[in-house]
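The lines below spell out each chain.
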Amino acid sequence: MRQFNKSFKTVAFVVFLIISGCVPVQHNTISKSKKIKIALINYEMARNIIVHKDYKNLANAFKYLEKAQKTLKNDPRIYYLYAIAYQLRGNLKMYEFYLKKTIAADKNFFDAYNALGIYYFSLGEYQKAIELFTRLIKNPLYPNADIAFYNRALVWLKLGKTKRALEDLRNAVIFSSYTNPTYFKALINLEIENKMYILALKDLETMEEHLSQSCFTKLKKALCYIKLKQFNQAVDELNKVKNTAPNCLEEKNKLLEEIKNDNNTHD
């Protein structure tokens, strides 16, 4: 009987050890949570260096990313920061490599598509750039379609496809809710360059409606009226230019001189 009790106690002790073996699992879970927190801290440390273009500490950014990746593994945010870090270092091959890895890890990592499109544009690989910007435009989840339209318009211009560039610039204006002067200026300048003065005047009116009058709108209106031989309207617009900025006044005087010379020619 004593032998039985002794055996029972031994078995019970073994069973207790086996059951107790579940306890370290809880500790592992806590440890994993801590690891993730530490990894995120390392990520933020790296991001802070990269975003502020702190070249002096760029080597440390790579170290922080390496530590973060050990826990976060296939995290697209890590890949994207690696890409930007390599860009700052001037290693564009690795920049491209990590942008592609970012997209592979997250098909909706929009900044990577845009960055890769701009990179291909800079290399003169225009078709690749167009494909990337088009994917952004077609993605209903992408909140900044205006950027993709604008960037694609620049590619169309390089390819000499003015009509498509104009369409994309108009879409950029619309999708920005008429709030971005850069899109307006690019559209209007292209219209004027292609002698589409009536359209340019219309878009200048729209620009003023949404963004108010400016030296740009007044001067461009005057230029359009001059090209249309409507000199009185041109002078009216130029008289509204009160801006004392040297470049604005210089352009105003040039246009007034152009009106004067044109009138003398017809006298």
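Preceding this section is the structure that the text describes.
All figures in this text were calculated on a predicted structure; none of them were measured in a lab.

Notes on the state of the cysteines
As enumerated under the stated definition, the model contains one disulfide in all. The side chain of Cys215 participates in a disulfide bridge whose partner is Cys248; the two sulfur atoms lie 1.9 Å from each other. As the torsion about the S-S bond is roughly 110°, the Cys215-Cys248 disulfide counts as right-handed. Of the two residues, Cys215 is situated in helix α12 (residues 215–227) and Cys248 in helix α14 (residues 246–266); the sequence distance between them amounts to 33 residues. In terms of burial, Cys215 and Cys248 fall into one category: buried.

Some words on the packing of helix α3 (residues 58–72) against helix α4 (residues 76–89)
At a minimum axis separation of 10 Å, α3 and α4 run at an interaxial angle of 160°. In this view, α3 runs roughly antiparallel relative to α4, as classed from their interaxial angle. Handedness of the crossing formed by α3 with α4: left-handed. Counted together, Leu58, Ala59, Phe62, Leu65, Glu66, Ala68, Gln69 and Leu72 of α3 and Ile78, Tyr79, Leu81, Tyr82, Ala85, Tyr86, Leu88 and Arg89 of α4 form the full contact between these two elements.

Let's talk about helix α7 (residues 126–138)
An α-helical turn contains 3.6 residues, so any two residues separated by three or four positions project in the same direction. Taking 1.5 Å of rise per residue, the 13 residues of α7 would be expected to cover 18 Å, and the 18 Å separating its terminal C-alpha atoms lies within 8% of that figure. Check the buried side of α7 and you find it contacts α6 (110–123) and α8 (145–158).

Some details on the pattern of salt bridges
Taken as a whole and assessed by the stated rule, the structure comprises 12 salt bridges. A salt bridge links Lys100 to Glu96; its shortest N-O distance comes to 3.3 Å. Of this pair, Lys100 and Glu96 both sit in helix α5 (residues 92–105), four residues apart, roughly one helical turn. The partner of Lys221 in a salt bridge is Glu208, and the shortest N-O contact between them spans 2.8 Å. Taken together, the positions of Lys221 in helix α12 and Glu208 in helix α11 (residues 197–211) put the pair 13 residues apart, joining distant regions of the chain. The same class applies to Lys221 and to Glu208, which are both buried. Three or more residues joined by partner-sharing salt bridges are found here, namely Glu205, Glu208 and Lys221.

Details of the packing of aromatic side chains
Considering all chains together, one arrives at 15 aromatic pairs under this definition. Taking the centre distance of 6.1 Å and the plane angle of 45° together, the rings of Phe62 and Tyr82 count as tilted. Taken together, the positions of Phe62 in helix α3 and Tyr82 in helix α4 put the pair 20 residues apart, joining distant regions of the chain. Considered together, Phe62 and Tyr82 belong to a single accessibility category, that of buried residues. Pairing Phe149 with Phe175 gives two aromatic rings, centres 5.2 Å apart and planes at 35°, and the pair type is tilted. With Phe149 in helix α8 and Phe175 in helix α9 (residues 162–175), the pair connects residues that are 26 residues apart, well separated along the chain.

Overview of α11
Between its first and last C-alpha, α11 extends 20 Å over 15 residues, near the 21 Å set by a 1.5 Å rise per residue. Every buried residue of α11 is accounted for by Tyr197, Ala200, Leu201, Asp203, Leu204, Met207 and Glu208. Viewed along the axis of α11, the buried residues span an arc of 170°, placing them on a single side of the element. Away from the buried face of α11 by more than 90 degrees, exposed residues Ile198, Lys202 and Glu209 are located.

A few points about the nonpolar core
Core analysis: the biggest nonpolar cluster contains 78 residues, and Ile50, Leu99 and Ile188 have the highest contact counts within it. Per-element tally for this core: the top contributor is α4, with 10 residues. Contact partners of Ile50, with chain neighbours within four places excluded, come to Leu58, Ala61, Leu65, Leu81, Ile84, Ala85 and Leu88.

Here we look at the environment of Ala83
The topology assignment puts Ala83 in helix α4. Judged by its relative accessible area of 0%, Ala83 is buried. Along the primary structure Ala83 and Phe97 are separated by 14 residues, whereas in three dimensions their C-alpha atoms are 7.5 Å apart. In this structure Ala83 touches Tyr95, Tyr98 and Leu99, once residues within four positions along its chain are discounted.

What counts and what doesn't
Residues numbered from 1 in each chain as written. Predicted model: local features only at pLDDT ≥ 70, side-chain atom pairs only at ≥ 80, totals over all residues. Heavy atoms only, no water. Disulfide = S-S within 2.5 Å. Helix = DSSP H or I, 4+ residues; strand = E, 2+ residues; numbered from the N terminus. Buried < 20%, exposed > 50% of the residue type's maximum accessible area, 1.4 Å probe, protein only. Axes fitted to C-alpha atoms, helices over the stretch in contact; angles between N-to-C directions. Parallel < 35°, antiparallel > 145°, perpendicular 65-115°, else oblique. Left-handed = near helix turned anticlockwise from the far one by under 90°. Contact = heavy atoms within 4.5 Å. Expected span 1.5 Å × (residues − 1). Salt bridge = Lys/Arg side-chain N within 4 Å of Asp/Glu carboxyl O. Phe/Tyr/Trp six-rings, centres within 6.5 Å; stacked < 30°, edge-to-face > 60°. Arc of directions from axis to C-beta. Core = buried A, V, L, I, M, F, W, Y, C linked by side-chain atoms within 4.5 Å.

Any link to function would need more than the numbers given here.
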